[in-house]
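The primary structure of each chain is shown beneath.
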Amino acid sequence: MDLTHSPADEAFRAEARAWLDVHVPAGPLPSLETEEGFAAHRAWEAELAADRWSVVSWPAAYGGRDSGLLRWLVFEEEYYAAGAPGRVGQNGINLLAPTLFDHGTEEQRARILPPMASGEVVWAQAWSEPEAGSDLASLRSRAVRTDGGWLLSGQKTWSSRAAFADRAFGLFRSEPDTPKPHQGLTYLMFGLRAPGVTVRPIGRLDGKPAFAELFLDEVFVPDEDVIGEPGQGWRVAMSTAGNERGLTLRSPGRFLASADRLAALWREHGRDPFTRDRVADAVIGARAYQLFTYAAASRFLDGEPVGPESSLNKVFWSEYDIALHETALDLLGGDGELAGGQMAGGRAPDGESADGPSAGADGGGWAEGYVFSLAGPIYAGTNEIQRDIIAERLLGLPKGRR
Amino acid sequence: MRFLLDAEQTAFARSLDALLTAADTPSVVRSWSAGDPTAGRALWSRVADAGVFALAVPEAYEGFGPRPVELAVAFVELGRHVVPGPLVETVAAASLLTDPGPAKRFLPGLAAGETVATVALPGSGPYMLDGDVADVELTVTGGSGGTGASGATVSGAGEPSTGELRLTVVPGSGSSEAPGGRVRRSLDPARRLCLPRPGGELLAAGPHLASGADAALVWARLATAAQALGVGLALLDKTVTYVKQRSQFGVPIGSFQAVRHRLADAKIGLEFARPLLFGAALTMDPADVAAAKVTACEAAYATARTALQLHGAIGYTAEYDLSLWLTKARALRGAWGTPQQCRELVLAADVVSGGARRCS
Ligand SMILES: Cc1cc2nc3c(=O)[nH]c(=O)nc-3n(C[C@H](O)[C@H](O)[C@H](O)COP(=O)(O)OP(=O)(O)OC[C@H]3O[C@@H](n4cnc5c(N)ncnc54)[C@H](O)[C@@H]3O)c2cc1C
């Protein structure tokens, strides 16, 4: 039992910190959920990639540093502490890439991963459908066999950043008459600007237009863009989704940085006694999440799979994130209602994003961060679904009626 | 960096668990609560033989310690089995006795389980736990010239003042006094609260006693946090077992989502308290320990509320053993620092989480 990093890991931390000190933009970038912000964040991905900081845990061959999980955690701590921008490439990096590492072909990895690492190709996740949310396996979009590939038809929705992204990955029903809904699905990648694709942006709660629904009308996908075996899409998608939700969807560094900013805000507001306990809980929660993740990483490095424990931290961070932001808004009083970037003397917000740090005590951002945090218990598997997983798979309770 | 218990630590937990399971702790608790400490004292010796108290006692005085991580491991098990008695207080006493004279006189007995100690520190409240059963009572009085790092002994102007450590050897030690007199009943029947006896032998005096009291408080909080986590884990286990067996409307109540989700939340609360506990044991930083204490106690208490609700009326009876854990969870929440005091301490430092730099 030990929490000290090796000298080599500390050297890695120092190297990351030094790089970030020089390169992190002085002011926040415009929100990555807007067209302008998307372009700016894409350029930031390229800058990260140029010095191999965009995907530190990947093999060097694909633009990474083969850093391992612990150094990835260290990097993320430094990244958020430095106030660096949200990551526009995160859907591809966190969800598609691990799937390709496990189930893709060598050709797919070589073709897809380097441009993903550099932000040249930004990926969107096209899993949800209008009739298939929590019950994802009930999805109806089709993949029909054709010469040298597949024709995709149907509708996908709630696809984050699909309005500006380049390509998407998702599940399609390739065998219509299977006895169980999660059989006969195929996992495929397709271009968002391919013929037959219509992208309709949807304004989110905060009005930002990067969320989209996708209408697919006989979109051609070559065989080389199928991931894993046709018909095995469910297994392919699920094997990595749970793992990644467990360790890499939300790194502790993000919450440690937010908790520090909240505590600074609290001090600025004269150590407001009414919010004191909630501020303390935010600080404690960030530390708890960090240590929980270190323990999970230690188990992972010992060779244990992440498993259903990942549902514990999904519920934890999503509720934690809301509580943290609510506390900040309450501390700000009347100003808490202001949308970001308007507070006197404040820096403009980073533009909340699925991964952007909230702008801190120095103005704005909290309200936008708050509005984004509200989505946490809904996406990546709703918290009700996660609690079911905890009840059944960690506590061994009998299956309930769904 | 490997933030996991090692094989030896896990084996230690398992062997304590086996020992305590065999000891039928619920009946020990019940006789302890009724004022008969015989079985409790016998169990105390076995816990000591397993090395638990020695973990708080330096090697120079016949202990194995100080080893906070192993101590936390042990106290999780003691909490899981609701072992009665001034366990936390004995650990606090061990860290108070640093002057060579008193250390030599008492620490070997504490480590071996021959001496049961209870303690009152400045700011720790009016009562001593189980003062009627303990062999020795230790009282630290006087203001503190310390930094107040533990939050217990913050003195007004910060002028140095002299603390006094006093000892009372309990007459007829080991035989419990009847309630009434100086013994007060706790809402947890297994906790017997006593007003400290006045006077006693002066063991030591000097400003260092203030920082000694701060250190003792940190140890007491760590042990309490671990004990609370154990209480919460046991409550969760018992409730999971119960909801699988109890049927209503023709199905086990554990298949109802309203039931399942409450238990999932209890699990989340406890599983996030655990790393705080072991992280605090590694640093022994007063703010880390306070964070672990408040989080473990809140999680255990929330689990107690859930456990009672999901057991229905049977959970509300004194005969049913669940009550032993339910009342303990409530009592520990306020012992050795209220949630508010602990949270205050977390924010007292100027750099709070230290953010990313914390683990470096
Ligand atoms: C900000 C945001 C970004 C998103 N990004 C993406 C993306 O990039 N790609 C993508 O594919 N999807 C994305 N989603 C969609 C997300 O994955 C779905 O919203 C989610 O899976 C829930 O589905 P639903 O919205 O259809 O809700 P429903 O499944 O209709 O659920 C509605 C409510 O009913 C509850 N419920 C449903 N079933 C049960 C049950 N068995 N037991 C108890 N309660 C139940 C749910 O928990 C929820 O509270 C995003 C969503 C949001 C909010």
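Everything numeric in this text was worked out from a predicted model, so none of it was measured.

### As for the overall build of chain A
Link 1 in the chain: Counting its secondary structure elements, chain A contains eleven helices and eight strands.
Link 2 in the chain: Its C-alpha radius of gyration of 21 Å places chain A within 12% of the 21 Å reference for a compact globule of 402 residues.
Link 3 in the chain: In terms of its C-alpha atoms, chain A occupies a principal-axis envelope of roughly 70 × 50 × 45 Å.
Link 4 in the chain: Looking at chain A as a whole, 57% of its 402 residues qualify as buried.
Link 5 in the chain: Put simply, of all contacts in chain A between residues at least 6 apart along the chain, 73% involve residues at least 24 apart.
Link 6 in the chain: Counting every atom, chain A has about 15,300 Å² of accessible surface; 53% of that belongs to carbon and sulfur.
Link 7 in the chain: Computed over 39 positive and 57 negative side-chain charges, the separation of the two mean positions in chain A equals 3 Å.

### Observations regarding the site of the ligand
Link 1 in the chain: Surrounding the ligand, one finds 16 residues, the nearest of these being Ser128(A), Ser134(A), Trp158(A), Thr382(A) and Glu384(A).
Link 2 in the chain: Each of chains A and B places residues next to the ligand.
Link 3 in the chain: Between a nitrogen atom of the ligand and a main-chain N or O atom of Gln125(A), the distance comes to 2.8 Å.
Link 4 in the chain: Interatomic distance of 2.8 Å between a side-chain N/O atom of Gln257(B) and a nitrogen atom of the ligand.
Link 5 in the chain: Compared with its free state, where it exposes 970 Å², the ligand has 69% of that area covered by protein.
Link 6 in the chain: At the level of elements, strand S3 (149-159) and helix H11 (383-394) of chain A are the ones that each hand at least two residues to the shell around the ligand.
Link 7 in the chain: In terms of residue class, the shell around the ligand is made up of six nonpolar, eight polar and two charged.

### Considerations on the packing of helix H9 (residues 310-332) of chain A against H11(A)
All names here are of chain A.
Link 1 in the chain: Remark: H9 packs on H11, axes separated minimally by 8 Å, with the N-to-C direction vectors making an angle of 145°. Of the two possible hands of crossing, H9 and H11 adopt the one that is left-handed. Residue-level inspection shows Ser311, Leu312, Lys314, Val315, Ser318 and Glu319 of H9 in contact with H11, the latter providing Asn383, Gln386, Arg387, Ile389, Ile390 and Leu394.

### Considering the environment of Gly231(A)
Residues and elements named next belong to chain A.
Link 1 in the chain: As for its placement among the helices and strands, glycine 231 is situated in the loop between strand S8 (226-227) and helix H6 (233-247).
Link 2 in the chain: By relative accessible area, glycine 231 is classed as buried at 11%.
Link 3 in the chain: Setting aside residues up to four positions removed in sequence, glycine 231 forms contacts with Ser174, Glu175, Gly184, Leu185 and Thr186.

### A word on the confidence of the model for chain A
Link 1 in the chain: Per-residue confidence for chain A gives a mean pLDDT of 91, with 91% of residues at or over 70.
Link 2 in the chain: In this model, residues 344-363 of chain A is a region of pLDDT below 50 whose contacts with residues beyond four sequence positions or in other chains number 79 contacts.

### Points about the side chain of Lys208(A)
Link 1 in the chain: For Lys208(A), the position within the fold is in the loop between strand S6 (197-202) and strand S7 (211-222).
Link 2 in the chain: For Lys208(A), the side chain forms a polar contact with the side chain of Glu368(A), separated by 2.9 Å.

### Some words on the sheet that holds strand S4 (residues 163-169) of chain B
Residue and element names in this part refer to chain B.
Link 1 in the chain: Taken together, four strands build an open sheet; the order of strands is S1-S3-S4-S7 and the sheet is mixed. The two strands at the open ends of the sheet, each matched to only one other strand, are strand S1 (117-120) and strand S7 (201-206). Here the strands of the sheet are splayed against their neighbours by 20° on average, with no regard to which way each runs.
Link 2 in the chain: Against the sheet, helix H5 (residues 87-96) makes contact with S1, strand S3 (136-141) and S4, and its axis sits at roughly 75° relative to S1, the strand it touches most.
Link 3 in the chain: Of the strands in this sheet, S1, S3, S4 and S7 are in contact with helix H6 (residues 100-112), which crosses S7 at around 115°.

### Re the interface of chain B and chain A
Link 1 in the chain: The partner chain A presents 54 residues to the 51 residues of chain B that form the contact.
Link 2 in the chain: Roughly 4,800 Å² is buried in total at the junction of chain B and chain A, and carbon and sulfur atoms are behind 65% of that figure.
Link 3 in the chain: Taken together, the links from chain B to chain A amount to seven salt bridges.
Link 4 in the chain: Contributions of two or more residues to the side of chain B that touches chain A are made by helix H7 (208-245), helix H8 (257-283), helix H9 (286-311) and helix H11 (339-348) of chain B.
Link 5 in the chain: Broken down by element, the residue count for the side of chain B that touches chain A peaks at 16 residues, all from H8(B).
Link 6 in the chain: Each residue belonging to the side of chain B that touches chain A can be placed in one class, and the counts come to 26 nonpolar, 13 polar and twelve charged.

### A short note on the packing of aromatic side chains
Working definition: an aromatic ring pair is given by the centre-to-centre distance plus the angle between the planes.
Link 1 in the chain: Within the structure shown, the criterion is met by 26 aromatic pairs over all chains.
Link 2 in the chain: Aromatic side chains Trp19(A) and Trp44(A) sit 6.0 Å apart centroid to centroid with 45° between the ring planes, which places their arrangement in the tilted category. Residue Trp19(A) is found in helix H1 (residues 7-23), and its partner Trp44(A) is found in helix H2 (residues 35-50); the two are separated by 25 residues along the sequence.
Link 3 in the chain: With a centroid separation of 6.0 Å and an interplanar angle of 50°, the aromatic rings of Tyr62(A) and Phe101(A) are classed as tilted. Of this pair, Tyr62(A) sits in the loop between H2 and helix H3 (68-81) while Phe101(A) sits in helix H4 (residues 90-103), placing them 39 residues apart in sequence.
Link 4 in the chain: Assessed through its relative accessible area of 27%, Phe101(A) is described here as partly exposed.
Link 5 in the chain: One aromatic cluster is present, built from ring pairs that chain together Phe12(A), Trp19(A), Trp44(A), Trp53(A), Phe75(A), Tyr79(A) and Tyr80(A).
Link 6 in the chain: The lysine or arginine in question, Lys156(A), covers the ring of Phe172(A), its NZ or CZ lying 4.9 Å from the ring centre.
Link 7 in the chain: The positively charged end of Arg330(B) is found above the aromatic ring belonging to Tyr301(B), 5.1 Å away from the centroid.

### A few points about the sheet that holds strand S2 (residues 128-129) of chain B
Strands in a sheet are paired, the pairing made by backbone hydrogen bonds, and the direction either parallel or antiparallel.
Residue and element names in this part refer to chain B.
Link 1 in the chain: Read from one edge to the other, the open sheet built from three strands follows the order S2-S6-S5, with strand pairing classed as antiparallel. Where the open sheet ends on each side, the last strands, each with one partner, are S2 and strand S5 (183-185).
Link 2 in the chain: Two elements, S5 and strand S6 (residues 192-194), share three bridges in a ladder whose sense is antiparallel. Of the residues in S6, the one forming a bridge with valine 183 is cysteine 194.

### Some points on the pattern of salt bridges
Residue and element names in this part refer to chain A.
Link 1 in the chain: Taken as a whole and judged by the stated rule, the model has 47 salt bridges over all chains.
Link 2 in the chain: As a salt-bridge pair, glutamate 107 and arginine 111 come within 2.6 Å of each other at their nearest N and O atoms. With a gap of four residues between them, glutamate 107 and arginine 111 both fall in helix H5 (residues 106-117), about one helical turn apart.
Link 3 in the chain: Residue classification places arginine 111 among the partly exposed residues on the basis of a relative accessible area of 28%.
Link 4 in the chain: A single network of salt bridges, built from pairs that share partners, joins Glu10, Arg13, Arg17, Glu77 and Glu78.

Basis of the calculations
Residues numbered from 1 in each chain as written. Chains lettered and ligands numbered in written order. Predicted model: local features only at pLDDT ≥ 70, side-chain atom pairs only at ≥ 80, totals over all residues. Heavy atoms only, no water. Helix = DSSP H or I, 4+ residues; strand = E, 2+ residues; numbered from the N terminus. Rg over C-alpha atoms; globule rule 2.2 N^0.38 Å. Buried < 20%, exposed > 50% of the residue type's maximum accessible area, 1.4 Å probe, protein only. Contact = heavy atoms within 4.5 Å. Areas by Shrake-Rupley, 256 points an atom, 1.4 Å probe, with all protein chains shown as cover. Lys, Arg positive; Asp, Glu negative; His and termini not counted. Charge placed at Lys NZ, Arg CZ, Asp CG, Glu CD. Near = heavy atom within 4 Å. Polar contact = N/O pair within 3.5 Å; in protein donor to acceptor, adjacent residues only side chain to side chain. Nonpolar A, V, L, I, M, F, W, Y, C, P; charged D, E, K, R; others polar. Axes fitted to C-alpha atoms, helices over the stretch in contact; angles between N-to-C directions. Left-handed = near helix turned anticlockwise from the far one by under 90°. pLDDT = per-residue confidence, 0-100. Pairing = 2+ DSSP bridges. Buried area = accessible area lost by both parts, 1.4 Å probe. Salt bridge = Lys/Arg side-chain N within 4 Å of Asp/Glu carboxyl O. Phe/Tyr/Trp six-rings, centres within 6.5 Å; stacked < 30°, edge-to-face > 60°. Lys NZ or Arg CZ within 6 Å of the ring centre and 35° of its normal.

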